[in-house]
Amino acid sequence: MEKYAASDLAKYVIQKHKDAEIGITNLRLQKLLYYVQGYFLKKFDSPAFEEGIYRWAYGPVVVDVYYEYCSNGADDLPPPTNGEFENIEQLVLPEHARL
């Protein structure tokens, strides 16, 4: 199973939320990345991404992705500005991460 960069998966999830006109915060994004990782481990016996997930006070965090979007605070995240995540379009995501 191909592994993805957590930042690319994050961009994909953000874009899917924007396409569905659903807001997404950094906190929600972190939880969805956690669910995606768990789904991959269960379904494919392989992680979706190599970056670690850490337990923080408000839930699971992929540190690099968190800091990429932390300047937004609790506000909704802006859509990605590039299409680097487009190769993920065929990715099989769990229902709660797919919109």
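1. Topic: the confidence of the model for the chain
Mean pLDDT over the chain works out to 87, with 82% of the residues at or above the 70 mark. Mean pLDDT across the elements of the chain bottoms out in helix H1 (residues 6-19) (91) and peaks in strand S1 (residues 54-56) (98).

2. Comments concerning the nonpolar core
Within the largest apolar cluster, 19 residues are counted, with the highest numbers of intra-cluster contacts made by Leu-9, Leu-29, Leu-33, Phe-49, Val-65 and Tyr-69. Put simply, the parts of the chain that give this core at least two residues each are H1, helix H2 (26-44) and helix H3 (63-69). Examining the composition of this core, we find that six residues originate from one element, H1, more than from any other. Other than its neighbours up to four places away in sequence, Tyr-69 contacts Ala-10, Lys-11, Ile-14, Asn-26, Leu-29 and Leu-77.

3. Quick word on unusual backbone geometry
A positive phi angle is found at Glu-21, which is not glycine, with a value near 55°. For Glu-21, the location among the structural elements is in the loop between H1 and H2. The phi angle at Asp-45 is positive, at roughly 55°, despite the residue not being glycine. With respect to the helices and strands, the residue Asp-45 is situated in the loop between H2 and S1.

4. Focus on the packing of H1 against H2
When two helices pack together, their arrangement is captured by the angle between the axes and the distance separating the axes. For the pair H1 and H2, interaxial distance at closest approach is 10 Å and the crossing angle is 115°. Between H1 and H2 lies a crossing whose hand is right-handed. On the side of H1, the interface is formed by Ala-6, Leu-9, Ala-10, Val-13, Ile-14 and His-17, while H2 contributes Arg-28, Leu-29, Leu-32, Leu-33 and Val-36.

Calculation notes
- Residues numbered from 1 in each chain as written.
- Predicted model: local features only at pLDDT ≥ 70, side-chain atom pairs only at ≥ 80, totals over all residues.
- Heavy atoms only, no water.
- pLDDT = per-residue confidence, 0-100.
- Helix = DSSP H or I, 4+ residues; strand = E, 2+ residues; numbered from the N terminus.
- Core = buried A, V, L, I, M, F, W, Y, C linked by side-chain atoms within 4.5 Å.
- Buried < 20%, exposed > 50% of the residue type's maximum accessible area, 1.4 Å probe, protein only.
- Contact = heavy atoms within 4.5 Å.
- Axes fitted to C-alpha atoms, helices over the stretch in contact; angles between N-to-C directions.
- Left-handed = near helix turned anticlockwise from the far one by under 90°.

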